[in-house]
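# Report on the structure
Below are the chains, spelled out letter by letter.
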Amino acid sequence: MITICRPLRYYLPRAQRGDLQRKLSTSPGLARHPSPSAHRWSHPPSSTIISDNDVASLASKSLHALSLADLVKHGRPPLPAPALFSSANFTLSLLPIRLAHRIQALRNLPFIVVSNPNISKIYNNYLHSLSTLLPYNHKTISNLQDEIKFTEVLADLVETHAHTIPTLARGFLECRKYINPTEVTRFLDGHLRARIGTRLIAEQHIALHMSSQPHSPPNPVEEQIPDQSASYIGVIDTALEPASIINSCGNFVSEICELKYGVRPTWIIDGEPDTTFAYVPVHLEYIITELLKNAFRATVESGRGHEPIIITIAAEPESQRGMPTSSTIESASPSGRDPTNPPIRPLQTSTPGVTIRIRDRGGGISPDVLPNIWSYSFTTFSDEDDLPPGSGNMDALNALSGTAGGGSSIAGLGYGLPLGRAYAEYFGGGIAVQSLYGWGSDVYLRLKGLGRLDI
Ligand SMILES: Nc1ncnc2c1ncn2[C@@H]1O[C@H](COP(=O)(O)OP(=O)(O)OP(=O)(O)O)[C@@H](O)[C@H]1O
Ligand SMILES: [Mg+2]
C-alpha cells in the first residue's frame, strides 16, 4: 500500500519547529522505568509502579471544565518567565487528574478487553505518563530549570500517546467478540474526547514554551526571519483561514483518490472564503480531511467523479460574535495576572464562529446505513481487491498515522465521522449530515471561535 503523509500543520512558528524536534529527539531522562511487575490480579499487567491510592485519589478529583479562555489567559507569546511558570503550573494542575480518570476508565473495561495487548499498551502508556508527572505533584514550578524539565516531560507525554487511536482501534477490533459495538463507541467517545483535551493542554504549554525566550537567549538570526505566526497563541491561530486549510486538505485527499481510483475530484470554495477566525489549526485540518475523504469517495464511487464538491464558508453574523461567556470573564479577572501581560482582548471580543457546508453529488446515504454513521468502526468501505480474505479493516489501521489519528486510506476504519464530530464539539461546534438519498449529501460543520470546551 502506498502511504501519503498528511499535510500536518504544526502549532509552532516554522523557525521553532526544528528546535522542538531537536529537543524531543535529545530529551534526556525520558526512558521508561522498567521495574518488577506491580500489577494486582484485578489490573492489566503493568511495568510502572504507581500506587492505587495515588490513582484513586487523583481520579476522585473532579475534572476542570476547560475553556478556550483558559488556554490563552497566560498572554500572547513571547511570555515572560512568570507567565511561563503560571502556564506550567496550570498545566500541572490539570494533567495528573485527567490521566488518572482515563486509567480508571480503562480499568473499568471488561478484564479480557483491557488485557488485550493493544489496549493494555494504552493503559500502560497512561500509567507511565502519570508516573512522569507525579514527581511534580504538590510542587510549584518557579524556576526555568524545572520549567524546561517539565516541558520535556510534556513532550514525552505527547509522543507516548501519538499512536493511541490506531492502537485502540486495533485492540477493540480484536476484542469484538467480548464487547458490543455500543459499549465500544461509548468508551471510545469518552476516551477520545478526553484525549483531545489532554493533548491540547500539554501542547499548549509546549508551544508557549517554544515561542517564549526566557529559557534561551534570543537568536539574532531567527529574529530576522519575518514572523509568520504573530496570530498564534500557543496552538491557537487567532486568524485561521478555513479556505487555506480546505485547499491543503483537498490537495491531500485528491492525491489519495488518484492513487486509489485513478480520478482526482475537484472542489469549489464559495460563500465567504476570506473569513478568518480563532481556532486550533490541527483540529480543523483533521475534521476537513475526514469530511473531504467521505465526499470524494462517494462522488467517485457513484460514478460522478467529474462533479465538483462545493464547499461553502459562512461567517457568523456580527451580532453573534464575541459574546463573552462567564468563564471568559472569570478567567480574564485581574487577580494573579501579570500586569505586563494583559488579557488578550482580540480573542475575547472578536472571535466569530464559522459554518462550512460540504456538498457532494455522491448519491447520499441509504436509510439503512444512516443510523450507524456515528458509530466507531462502522464503515461501508471494503477494499477486497487489495486485501487477503478476512483482513477486515485492519488494512486501514495499518495505514493510520498522524497526531489526530487520520490516515492515508480514503476510508475503511469507520472513525472519520464520530471522531470528526468529537473534535468539532470540543469547542462547542458540531457536525450535521443531511443526506438526499439518490442524489448527494450536505455535511454542515459548525465551529465556534470561542466558548466552553468539553473536558
Ligand atoms: N458524504 C457521504 N456520502 C455517502 N456516504 C457517506 C458520506 N459520508 C459518510 N458516509 C457513510 O458513512 C460511513 C461512515 O463514515 P466514516 O467517515 O465514519 O467512516 P469511513 O469513511 O468508512 O472510514 P474512515 O475511518 O476512513 O473515515 C461511510 O463508510 C459511508 O458509508
Ligand atoms: Mg470517512
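Residues numbered from 1 in each chain as written. Chains lettered and ligands numbered in written order. Predicted model: local features only at pLDDT ≥ 70, side-chain atom pairs only at ≥ 80, totals over all residues.

Here is the rule we go by: UniProt positions are given in the numbering used here, feature names are shortened, and annotations may be inferred rather than shown by experiment.
Looking up the protein chain in an unreviewed UniProt entry gives the name Protein-serine/threonine kinase, with the organism given as Amylocarpus encephaloides. Note on the protein chain: under the UniProt heading Sequence similarities (unreviewed entry), the record states "Belongs to the PDK/BCKDK protein kinase family." Checking UniProt for the protein chain, the heading Subcellular location (unreviewed entry) contains the comment "Mitochondrion matrix".

### A word on the site of ligand 1
Put simply, the rule reads: In this text, near has one meaning. A residue is near a molecule or strand if its C-beta atom, placed using the backbone, is within 6 Å of it. Helix and strand labels come from DSSP, where a helix needs a run of H or I of at least four residues and a strand needs a run of E of at least two; each type is numbered from the N terminus.
Around ligand 1, a shell composed of 25 residues is seen, among which Asn-294, Ala-298, Thr-379, Leu-413 and Gly-416 lie nearest. Taken together, the elements giving at least two residues each to the shell around ligand 1 come down to α12 (281-301) and α16 (416-426). The greatest single-element share of the shell around ligand 1, amounting to 5 residues, is contributed by α12.

### Here we look at unusual backbone geometry
Backbone torsion omega between Pro-77 and Pro-78 reads 5 degrees, so that peptide bond is classified as cis. Relative to the assigned elements, Pro-78 resides in the loop between α3 (68-72) and α4 (81-107). Although it is not a glycine, His-138 sits at a positive phi angle of roughly 65 degrees. Structurally, the position occupied by His-138 is in the loop between α6 (117-133) and α7 (144-160). Its identity as a non-glycine residue notwithstanding, Ser-377 has a phi of 85 degrees, on the positive side. Mapping Ser-377 onto the fold places it in the loop between β6 (354-360) and α15 (394-399).

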